[in-house]
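Architecture at a glance
Chain by chain, the residues run as shown.
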Amino acid sequence: MERLYSPWRSQYIETYDKIEECFLCNAYRSNDDEKKLVLYRGKRVFVIMNLFPYNAGHVMVCPNEHIGDFTQIDQETLFEISMVTQMMVKALKKALNPEGFNIGYNLGRVAGAGLEDHIHNHIVPRWNGDTNFMPVIGEVKVISQDLKNIYTKIKKAIKELEEEDAE
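I will try to describe carefully the structure that is included in this document. (Residues numbered from 1 in each chain as written. Predicted model: local features only at pLDDT ≥ 70, side-chain atom pairs only at ≥ 80, totals over all residues. Heavy atoms only, no water.)

1. Re the environment of His58
Within the secondary structure layout, His58 lies in the loop between β2 (45–49) and β3 (59–63). The exposure class assigned to His58 is buried, which follows from its relative accessible area of 1%. In this structure, the C-alpha to C-alpha distance between His58 and Phe101, residues 43 residues apart in sequence, is 9.6 Å. Only 3.0 Å separates the side chain of His58 from the backbone nitrogen of Tyr54, close enough to count as a polar contact. (Helix = DSSP H or I, 4+ residues; strand = E, 2+ residues; numbered from the N terminus. Buried < 20%, exposed > 50% of the residue type's maximum accessible area, 1.4 Å probe, protein only. Polar contact = N/O pair within 3.5 Å; in protein donor to acceptor, adjacent residues only side chain to side chain.)

2. Comments concerning helix α6 (residues 147–166)
Over its 20 residues, α6 runs 28 Å from end to end, which matches the ideal 28 Å to within 8%, given 1.5 Å per residue. Of the positions making up α6, those classed as buried are Ile150, Tyr151, Ile154, Ala157, Ile158 and Leu161. Viewed along the axis of α6, the buried residues span an arc of 135°, placing them on a single side of the element. Exposed residues on α6 whose side chains face more than 90 degrees from its buried face are Lys156, Lys159 and Ala166. (Expected span 1.5 Å × (residues − 1). Arc of directions from axis to C-beta.)

3. Thoughts on a negative patch on the surface
On the surface, Glu162, Glu163, Asp165 and Glu167 cluster together to form a negatively charged patch. Along the chain, the position of Glu167 falls in the segment after α6. The exposure class assigned to Glu167 is exposed, which follows from its relative accessible area of 81%. (Patch = residues over 30% accessible without salt bridge, like charges linked within 9 Å, V, L, I, M, F, W, Y side chains within 5 Å. Areas by Shrake-Rupley, 256 points an atom, 1.4 Å probe, with all protein chains shown as cover. Salt bridge = Lys/Arg side-chain N within 4 Å of Asp/Glu carboxyl O. Lys, Arg positive; Asp, Glu negative; His and termini not counted. Charge placed at Lys NZ, Arg CZ, Asp CG, Glu CD.)

Okay, here's the thing in structure tokens:
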């Protein structure tokens, strides 16, 4: 059997249990949005690109508050998560022209949560044919665009949407 490698993923796997601080809270407190891949800051939520994406443009909508229990999120924050998720779908359509999306939460480790203590809503753009033999047989995902390039495209789309809303 031929082996295929994805060294970008090993960095996450090797450091996961060593993480002492919430990377989402760290990004939220940072003054360098581009370095931390923060795309948007709202009143109660922010949007960050996934550093280890399932697909190009994979983003997460996160409450500003460090909270791990979905049932404890207040209504205003839940509403803002929904509204910002809708805005991000529009921005991703504008920036990357995907044909579909997977949107959702992974609540608990057994449900796939890599970070259980800070709720976040995943938005994963999808294209026809984006699942091919690489992830199915090789267990490797190929991301064909640079994260910084995608960041710039999405950030521009968000700005254009905000300008349209202001008119």
